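Breakdown of the fold
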Amino acid sequence: MRRRNPLVRLSQAVLLAAGCLTLQGCLVGAVVGGTAAVVGGTAKATGAVVGAGFDAVTTSDEETRLKREREQRDYEREQRRCEQRQRQGRRC
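Residues numbered from 1 in each chain as written. Predicted model: local features only at pLDDT ≥ 70, side-chain atom pairs only at ≥ 80, totals over all residues. Heavy atoms only, no water.

1. Re the overall build of the protein chain
- Helix and strand counts for the protein chain stand at one helix and zero strands.
- Out of the 92 residues belonging to the protein chain, those deemed buried represent 1%.
- As displayed, the protein chain has an accessible area near 8500 Å², and 60% of this comes from carbon and sulfur atoms. (Helix = DSSP H or I, 4+ residues; strand = E, 2+ residues; numbered from the N terminus. Buried < 20%, exposed > 50% of the residue type's maximum accessible area, 1.4 Å probe, protein only. Areas by Shrake-Rupley, 256 points an atom, 1.4 Å probe, with all protein chains shown as cover.)

In structure tokens form, the structure reads like this:
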């Protein structure tokens, strides 16, 4: 059996360690990148939900105001009709 040179064994160990560290750096980068993507996606989704909720409240308030104005106009129109009928001697 042949004996190997200690320098060859040392260089193999150094190459193996360098390869492991390189792969570890790749894995850490992938995990950090994936986590950042998830956090960014969550923040984007949360912003969309909050924005939609604000739009819904604004729309609801505007619709409520328009409905009240329409009801007020209908009431005033009915009051005028009733007064006109009373002047003609009829019931409302």
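2. Details of the pattern of salt bridges
- Under the counting rule described, the total for this entry stands at three salt bridges.
- Among the ionic pairs, Glu 69 bridges to Arg 65, the shortest N-O distance being 3.1 Å. Of this pair, Glu 69 and Arg 65 both sit in helix α1 (residues 6-87), separated by four residues, roughly a single helical turn.
- Residue classification places Glu 69 among the partly exposed residues on the basis of a relative accessible area of 36%.
- For Arg 65, a relative accessible area of 43% gives the class partly exposed.
- A salt bridge links Asp 74 to Arg 77, with the shortest nitrogen-to-oxygen separation between them at 3.1 Å. One end of the pair, Asp 74, and the other, Arg 77, are both in helix α1, three residues apart, so they sit about a helical turn from each other.
- The partly exposed category is assigned to Asp 74, whose relative accessible area is 38%.
- A residue is classified by how much of its surface remains accessible, and Arg 77, at 36% relative accessible area, is partly exposed. (Salt bridge = Lys/Arg side-chain N within 4 Å of Asp/Glu carboxyl O.)

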